[in-house]
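These are the residues of each chain, in order.
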Amino acid sequence: MHHHQLSVSVLRSLLATTEDDTAVAVLLDVEYSRRLLLMRGILDSCAGTPEAEAARVGEAWRLLESVEKRAPEAVRAVLLDPQVGLWAAALFRRLSRAERDESAQDVPLWVELGFLAQLAATVSIMAGAPFRVRVPVREGTVFLPCLGRARLDTAERWGTAEVRAQDGVVSMVGGGTAVTLPEDPERDAPGWEGLRRLRATAEGLTLTLAIDDLGSYPAVSGLAASRRLAPEGFADWQRWVSAMWPLLVADHRADARALCTGLLSLVPLPHRERLRGRTASSSDAFGCVLLTEPDEDTAVLPAQLGVALIHEFRHTLLNGLIFLAPLFEDCGDLFYAPWRDDPRPLGGLVHGAYAFSGVARYWRARGEEGLAGFEFALLRDALDQVLTTLRDHPLLTPLGRRLCEALTEQTAPWRAEPVGQHEVNLARLASAHHHATWRAHHLHTPKAYAQALAQAWQHGHRAHVDDSGTPPVPEPEPELRTDPGACRLDTLALLARLSLVDPAEYARLLADDDPAAQVPGAASADLALVAGDAKTAVKLYAEELAVTGARPAAWAGLGLALTETGEEAAGAALTSRPELAVAVSRLLPEPPDPVALAHWLAPR
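Colleague: Just to check I follow, could you spell out the overall build of the chain for this structure?
Modeller: Helices and strands together make up the secondary structure of the chain, namely 23 helices and 16 strands. Over its C-alpha atoms, taken along the principal directions, the chain stretches across nearly 95 × 55 × 50 Å. Among the 604 residues that make up the chain, the fraction classed as buried is 53%. Here the contacts in the chain between residues at least 6 apart in sequence split such that 69% fall between residues at least 24 apart. Summed over its atoms, the accessible surface of the chain is roughly 26000 Å², and 51% of this surface lies on carbon and sulfur atoms. Side chains of the chain carry 58 positive and 79 negative charges; the gap between the two charge centres is 4 Å.

Structural data, given as structure tokens:
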């Protein structure tokens, strides 16, 4: 471990919309030092405790020290395994708590401390060194990071096993079961599940990506650890990565080189919804990405999978930079993020701007029309909104401001670049709909003002004024209260994508009486609006809003449809302040005529 400083060139690379393999290598060095510090902290915190004695921490550490002298590269490879990062960070936090209620913990502390022995065993195996060490058994399994998992025949939830290597043969004995590791640990064998790796090569660049479906530590809190992929599932992922990689290397070589350097593992998640995949990453698991199975849209799959990897990898890079130098201070404020359903904290907004600047740059290189043109048009506008919000925020650090300034400088020229008119129109609708729907869910008109409006409506008075034309009270700012039920606010964007990549399927949905059965969150009015039939959309939204409990998104959609038909004032009343319409309609004994309410709320 050594003192780390970023050179001017590396910092410039990190404050960019592009990736650079040299900068990634620097961050990997930083992460290795961080893992060493975590290990030191764990040793210091558990020293002298009964749990450390039970886990034989001292014995494991001495083994690790001895093999490090023989094969330091093996120690580095194992310590940088994302599962090791997740274990070390979680255990350090557990040991650092001022008061620890171990009775409330699901996994005994000695078992967590015993992972150090699993780590030492792995390093020794990779170094080819003879050894013998006891390791904990979790519900009949022993995971060796970078290698795989042994299954032992034991009825105990927590137990121990011995791992030993002699004359090149590695075996594990526990619970009356003996498991011999195969020469190639990626292969399965009796009692052994190998850690499989995806591999793809194009134009001299090879991506090697471990499938993380064996480890005990979930990369995202609250998400269960991934289950073992069936052979056919692994074959699917190999096929998808093999289709993605040549495109990425050919058209985005700098990205490909960076991924080769720092992308280490992939946690596969089940398929979610078409064109609505889920991605995630963890600050404790450098180089690990979580991805849902991609859609089998062969024309767009390679680009979509490639951009998903870039998106989450950029989160990894920013986390690495933040470990070196903070970009923002703690802040209780919440903000609108065009790519999220929920209000985001300052750090989340910075992360989103950094990740999606790379995503927008990716799509920018893929063409002006079709899906690429739409995604680029949508994201360049989103970045403009977010970077404007961030630019002068007082709780950004000097480096955080420098990052936002650099991203602004690089993305500002994109607004003048040509994109297909149809794609621009779809992006405009999707962007406005998302923002208005977000407001309808999360912004709330103060109750007294909403009641005054509802009473004025019921008595036939004009909105916002009394009988003399004077505002009864100043219009207050809405209150931000997060709505946990807000989901799928990207419905219009999803429908726009579907219309571009599968027009035949879109036409079928357009004629379907219940499109939500196929596309959760979608309504017939949304489909009509995206298809350009604004008059039909107005009619369908009005019918939907005439029923109690209508979607808040329908008010946003109605506003856009009214604007498209030329009723701009009424439309703007719903897209700029949909929370007013939501509040008033909920206070009335019966749903009002939504079009009439939109005109009534429009400023004169």
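Here the narrative resumes.
Colleague: Just checking my understanding: could you explain empty space enclosed by the protein for this structure?
Modeller: Rolled over the atoms, a probe sized like a water molecule indicates the empty space that remains. On inspection of all chains with the given rule, the structure shows 2 cavities of 30 Å³ or more. Reported here for the second largest cavity is a volume of approximately 40 Å³. The wall of the second largest cavity is formed by M39, I42, L43, W61, W87, L113 and L116. For the lining of the second largest cavity, the element with the most residues is helix α2 (residues 21-46), which contributes 3 residues. A breakdown of the residues in the lining of the second largest cavity according to their chemical character gives 7 nonpolar, no polar and no charged.

Colleague: I'm lost on the packing of aromatic side chains in this one. Help?
Modeller: The geometry of an aromatic ring pair is captured by the separation of the ring centres together with the interplanar angle, meaning the angle of the planes. The full count for this structure, using the stated rule, is 8 aromatic pairs. Aromatic side chains W87 and F115 sit 4.9 Å apart centroid to centroid with 35° between the ring planes, which places their arrangement in the tilted category. With W87 in helix α6 (residues 82-96) and F115 in helix α7 (residues 109-127), this residue pair connects regions lying 28 residues apart in the sequence. With a relative accessible area of 1%, W87 lands in the buried category. On the basis of relative accessible area, F115 is assigned to the buried category, the value being 1%. Between the aromatic rings of F115 and Y217, the centroid separation amounts to 5.6 Å while the plane-to-plane angle is 90°, which identifies the pairing as edge-to-face. Of this pair, F115 sits in helix α7 while Y217 sits in the loop between β9 (205-211) and α8 (231-251), placing them 102 residues apart in sequence. The positively charged end of R76 is found above the aromatic ring belonging to Y32, 5.4 Å away from the centroid. Here the basic side chain of R314 rests over the ring of Y354, its NZ or CZ set 4.0 Å away from the ring centre.

Colleague: Is there a simple way to explain the packing of helix α14 (residues 421-442) against helix α20 (residues 552-564) in this structure?
Modeller: In a pair of packed helices, the angle between the axes and the distance between the axes together describe the arrangement. Following both chains from N to C, one finds α14 and α20 inclined at 140°, their axes separated by 8 Å at the closest point. Overall, the two elements α14 and α20 adopt an arrangement that is oblique. Two packed elements cross with a definite hand, and for α14 against α20 that hand is right-handed. Residues R428, L429, A432, H433, A436, T437, A440 and H441 of α14 lie in contact with α20, whose contacting residues are P552, A553, A556, G557, L560 and E564. Class assignment of the residues belonging to the contact of α14 with α20 gives a composition of 8 nonpolar, 4 polar and 2 charged.

Colleague: Is there a simple way to explain the environment of G352 in this structure?
Modeller: You can see G352 is positioned in helix α11 (residues 346-364). With relative accessibility at 4%, the residue G352 sits in the buried group. A sequence separation of 250 residues divides G352 from A602, and the C-alpha atoms of the two residues are 34 Å apart. Setting aside anything within four residues of it in sequence, one finds G352 in contact with H315, W339 and S357.

Colleague: Sorry if this is basic, but what is going on with the pattern of salt bridges here?
Modeller: When the charged atoms of two side chains with opposite charge come close together, those side chains can pair. Under the definition given, this model contains 46 salt bridges. A salt bridge links E296 to R239; the nearest nitrogen and oxygen atoms lie 3.1 Å apart. In this pair, E296 sits in the loop between β12 (288-292) and α10 (301-324) while R239 sits in helix α8, placing the two residues 57 residues apart along the sequence. A relative accessible area of 45% means that E296 is categorised as partly exposed. Residue classification places R239 among the partly exposed residues on the basis of a relative accessible area of 42%.

Colleague: Please clarify how the sheet that holds β12 should be interpreted in this entry.
Modeller: Two orientations exist for strands paired in a sheet by backbone hydrogen bonds: parallel and antiparallel. Pairing is mixed across the open sheet formed by 5 strands, whose spatial order is β8-β9-β10-β12-β11. Each edge of the open sheet is held by one strand with a lone partner, namely β8 (197-202) and β11 (279-281). Looking at each pair of strands side by side, their axes are set apart by 25° on average, direction ignored. Across 3 bridges, the pairing between β11 and β12 is antiparallel.

Colleague: Would you mind going over the environment of Y449 with me for this structure?
Modeller: Tracing the sequence through the fold places Y449 in helix α15 (residues 447-458). Note on Y449: relative accessible area 6%, which makes it buried. As a C-alpha pair, Y449 and P476 span 27 residues in sequence and 7.6 Å in three-dimensional space.

Colleague: Any chance you could explain the layout of surface pockets here in plain terms?
Modeller: The space that makes up the second largest pocket amounts to roughly 950 Å³. Lining of the second largest pocket is provided by 35 residues; of these, E112, R138, S216, Y217 and P218 occupy positions nearest its centre. Counting residues per element, the lining of the second largest pocket draws most heavily on α6, which supplies 6 residues. A class-by-class count of the residues in the lining of the second largest pocket yields 12 nonpolar, 10 polar and 13 charged.

Colleague: Sorry, what's going on with α6 here?
Modeller: One full turn of an α-helix is made of 3.6 residues, so residues set three or four places apart face in the same direction. For α6, which comprises 15 residues, the first-to-last C-alpha distance of 21 Å matches the rise-based estimate of 21 Å (1.5 Å per residue) to within 8%. Most of α6 sits out of view: 11 of its 15 residues are buried. Within the span of α6, buried status applies to P82, Q83, V84, G85, L86, W87, A88, A89, L91, R94 and L95. Those residues of α6 that are buried are in contact with α2, α5 (72-79), α7, β2 (141-144), β10 (265-269) and β12. At the N-terminal boundary of α6, the capping side chain belongs to D81, with an oxygen 2.8 Å from the backbone nitrogen of Q83.

Colleague: I keep staring at the nonpolar core and nothing clicks. Help me out?
Modeller: Buried together is how nonpolar side chains tend to be arranged in soluble globular proteins. Counting 194 residues, the largest nonpolar core has W87, L113, L119, L144, W245, W363 and Y541 as its most contacted members. Counting residues per element, this core draws most heavily on helix α12 (residues 370-391), at 12 residues. Within the second largest apolar cluster, 5 residues are counted, among which are Y336, W438, A486 and L489.

Colleague: Looking at this structure, I do not really get the state of the cysteines. What am I missing?
Modeller: Working definition: the covalent bond between the sulfur atoms of two cysteines is a disulfide. Inspection of every chain in the model, using the stated rule, returns 0 disulfides. The thiol of C288 is unpaired, and the distance to the nearest cysteine sulfur, on C146, comes to 12 Å.

Colleague: Help me out: how do you make sense of unusual backbone geometry in this one?
Modeller: Of all residues except glycine, most have a negative phi; of all peptide bonds, most are trans. The phi torsion at C146 lies on the positive side, around 75°, for a residue other than glycine. Its place among the elements puts C146 in the loop between β2 and β3 (148-151). You can call C146 buried: its relative accessible area is 12%.

About the thresholds
- Residues numbered from 1 in each chain as written.
- Predicted model: local features only at pLDDT ≥ 70, side-chain atom pairs only at ≥ 80, totals over all residues.
- Heavy atoms only, no water.
- Helix = DSSP H or I, 4+ residues; strand = E, 2+ residues; numbered from the N terminus.
- Buried < 20%, exposed > 50% of the residue type's maximum accessible area, 1.4 Å probe, protein only.
- Contact = heavy atoms within 4.5 Å.
- Areas by Shrake-Rupley, 256 points an atom, 1.4 Å probe, with all protein chains shown as cover.
- Lys, Arg positive; Asp, Glu negative; His and termini not counted.
- Charge placed at Lys NZ, Arg CZ, Asp CG, Glu CD.
- 1 Å grid on protein atoms, 1.4 Å probe; cavity = no way out; pocket = protein on both sides within 12 Å on 5 of 7 lines; lining within 4 Å.
- Points joined across faces, edges and corners; volume = space filled by probe spheres on them.
- Nonpolar A, V, L, I, M, F, W, Y, C, P; charged D, E, K, R; others polar.
- Phe/Tyr/Trp six-rings, centres within 6.5 Å; stacked < 30°, edge-to-face > 60°.
- Lys NZ or Arg CZ within 6 Å of the ring centre and 35° of its normal.
- Axes fitted to C-alpha atoms, helices over the stretch in contact; angles between N-to-C directions.
- Parallel < 35°, antiparallel > 145°, perpendicular 65-115°, else oblique.
- Left-handed = near helix turned anticlockwise from the far one by under 90°.
- Salt bridge = Lys/Arg side-chain N within 4 Å of Asp/Glu carboxyl O.
- Pairing = 2+ DSSP bridges.
- Expected span 1.5 Å × (residues − 1).
- Polar contact = N/O pair within 3.5 Å; in protein donor to acceptor, adjacent residues only side chain to side chain.
- Core = buried A, V, L, I, M, F, W, Y, C linked by side-chain atoms within 4.5 Å.
- Disulfide = S-S within 2.5 Å.

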